[in-house]
Amino acid sequence: MNKISSELDTDRSTSVIKLITKHRLFIPIAFLAFLLLINIFINPGFLKISLGSDSTGNPVLIGNLINILSNSTELVILAIGMTLVTASSRGQDISVGATIAIVGGVIMRVLCGNETQPTELHAPIIVALLLGCLAGMACGAFNGILVAKFNIQPMVATLILFTAGRSIGSMAMGGLKPKAVASFGYYGNFIPGVPIPTPILITVVIIAITFLMLKKTNLGLYTQAVGINDKSSRLNGLNPAKIKFLTYVILGLCVGIAGFIQSSRVQTVNPYTIVPSIEMDVILAVALGGNSLGGGKFNMTGSIIGAYTIQTLTSMLTTLNVNTNAVPVFKAVIIIILVAIQTPVIREFFGKRVALSRLTDSNVKESG
């Protein structure tokens, strides 16, 4: 009787472990926890958050976790938009970095005009934010038309802005590199009197709006339907072109917000060096979150965790004094391993090994 009970407990435990390890969020969460443990091993005070002061003497929260959460903001916001684009169009937008340069150029031109060191802003910051978002949405609409109406493969369609975007951003600033007044920096750093970095607060708001939108509207359902089979979705009354176009415009809005925060961090923009290679990090965040880059079903939570994981990995490599030029190589190797582990081929391989092992154990017990 005890033997039967023990076997039932073992089977139940095995089923629970199998259920957990098969979950789409298991690998990104496990890897994020693994990275945090390595960081704690390197620096025992890694998780410590304390109250310090900024350059103007205001109390602010400081610590490695705060830095990671703050620096992840642009990546998280872009990963949200990229997840929708990937799900609907079965492809990725590689122009998000270049589009941020355009958004930054527009924002700096609105705030600084033709001056390089203005003593005051030339327009309210809310106006610059709105125009920056409109610029990002216009770029998203351009990509969306190429993909949805002309059926151009997403990576090829977005290659146009990827190539020309940074030059367009430079032209938007009239070839100048202006620096805005200090008050513009509140949105990429700290608002006086608020100890939490503003980018973290913005991220929380964006994530809340995203999940509210996915819950209260049919956007997520329609996006997945179009990505799985656009012909079937059309037969069910959907307009696949409209859904794809809409997801690109939403990504453009995300780029606008990310560009505003990035510009505010240093109160200036260099179109040719701003957020280098961020498009690759964004795509990797989506893949690392357990989403298929071939479109269809998506997991927004996974993409957000993937974004934080990549930022944690970047911070760890920086802490280890890995050469800046070598960081992308380390990230590529680690990410390709994680993405490969999540592929059906590898999962099936390990599933067969586990099943074979259990069958062998069962035979041994029966013979015993």
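Residues numbered from 1 in each chain as written. Predicted model: local features only at pLDDT ≥ 70, side-chain atom pairs only at ≥ 80, totals over all residues. Heavy atoms only, no water.

The name recorded for the protein in an unreviewed UniProt entry is ABC transporter permease, from Ruminiclostridium herbifermentans. According to the UniProt record, the Subcellular location (unreviewed entry) comment for the protein is "Cell membrane". (UniProt positions renumbered as here; feature names shortened; annotations may be inferred.)

(A) Up close: the overall build of the protein. Across its full length, the protein holds 16 helices and two strands. Residues counted as buried form 46% of the 368 residues belonging to the protein. Pairs at least 24 apart in sequence give 74% of the contacts found in the protein among residues at least 6 apart. Carbon and sulfur atoms make up 67% of the accessible area of the protein, which totals about 18,700 Å². (Helix = DSSP H or I, 4+ residues; strand = E, 2+ residues; numbered from the N terminus. Buried < 20%, exposed > 50% of the residue type's maximum accessible area, 1.4 Å probe, protein only. Contact = heavy atoms within 4.5 Å. Areas by Shrake-Rupley, 256 points an atom, 1.4 Å probe, with all protein chains shown as cover.)

(B) Up close: the layout of surface pockets. Its volume calculated, the largest pocket comes out at about 730 Å³. In terms of lining, the largest pocket is formed by 22 residues, of which the most central are P276, D281, Q311, T314 and K331. Elements represented by at least two residues in the lining of the largest pocket include exactly α4 (73-89), α12 (240-266), α13 (278-288), α14 (300-319) and α15 (327-341). Looking at the lining of the largest pocket, its residues break down into 11 nonpolar, seven polar and four charged. (1 Å grid on protein atoms, 1.4 Å probe; cavity = no way out; pocket = protein on both sides within 12 Å on 5 of 7 lines; lining within 4 Å. Points joined across faces, edges and corners; volume = space filled by probe spheres on them. Nonpolar A, V, L, I, M, F, W, Y, C, P; charged D, E, K, R; others polar.)

(C) Spatial organisation of the pattern of salt bridges. Per the counting criterion, the structure on display carries three salt bridges. Close ionic contact of E74 with R265 constitutes a salt bridge, the shortest N to O distance being 2.7 Å. On the criterion of sequence distance, the pair formed by E74 in helix α4 and R265 in helix α12 is long-range, its members being 191 residues apart. The exposure classification of E74 matches that of R265, with both residues buried. Two residues, K244 and D230, come together in a salt bridge whose shortest N-O distance is 3.7 Å. With K244 in helix α12 and D230 in helix α11 (residues 230-235), the pair connects residues that are 14 residues apart, well separated along the chain. When its relative accessible area of 18% is taken as the criterion, D230 is described as buried. Connected through salt bridges with shared partners, the residues R90, D230 and K244 form a single ionic network. (Salt bridge = Lys/Arg side-chain N within 4 Å of Asp/Glu carboxyl O.)

(D) Highlighting α13. Of all 11 residues in α13, nine are buried; the element is thus mostly enclosed. Those residues of α13 that sit buried are I278, E279, D281, V282, I283, A285, V286, A287 and L288. Where α13 ends, the next residue or the one after it, G290, has phi of about 90°, a positive value.

(E) Representation of unusual backbone geometry. Located in the positive-phi region is R90, a residue other than glycine, with phi close to 55°. Residue classification places R90 among the partly exposed positions, given a relative accessible area of 33%. The backbone of N151 sits at a positive phi, close to 55°, despite the residue not being glycine. Position of N151 among the secondary structure elements: in the loop between α6 (125-148) and α7 (154-157).

(F) Representation of a nonpolar patch on the surface. A cluster of nonpolar side chains, namely V329, F330, V333, I336, I337 and I341, defines an oily patch on the protein surface of about 540 Å² accessible area. With respect to the secondary-structure elements, I341 resides in helix α15. Given the relative accessible area of 36%, I341 is considered partly exposed. (Patch = residues over 30% accessible without salt bridge, like charges linked within 9 Å, V, L, I, M, F, W, Y side chains within 5 Å.)

(G) Seen up close, the pairing of strand β2 (residues 59-62). Of the strand pairs in this sheet, strand β1 (residues 50-53) and β2 are connected by four bridges, and their pairing is antiparallel. Along β2, the bridge assignment pairs S50 with I62. (Pairing = 2+ DSSP bridges.)

(H) Up close: the environment of T223. Residue placement: T223 occurs in helix α10 (residues 219-228). T223 gets classed as buried once you look at its relative accessible area, which sits at 0%. In this structure, the C-alpha to C-alpha distance between T223 and S88, residues 135 residues apart in sequence, is 5.0 Å. Excluding residues that lie within four positions of it along the chain, T223 makes contacts with L84, A87, S88, I243, T247 and F298.

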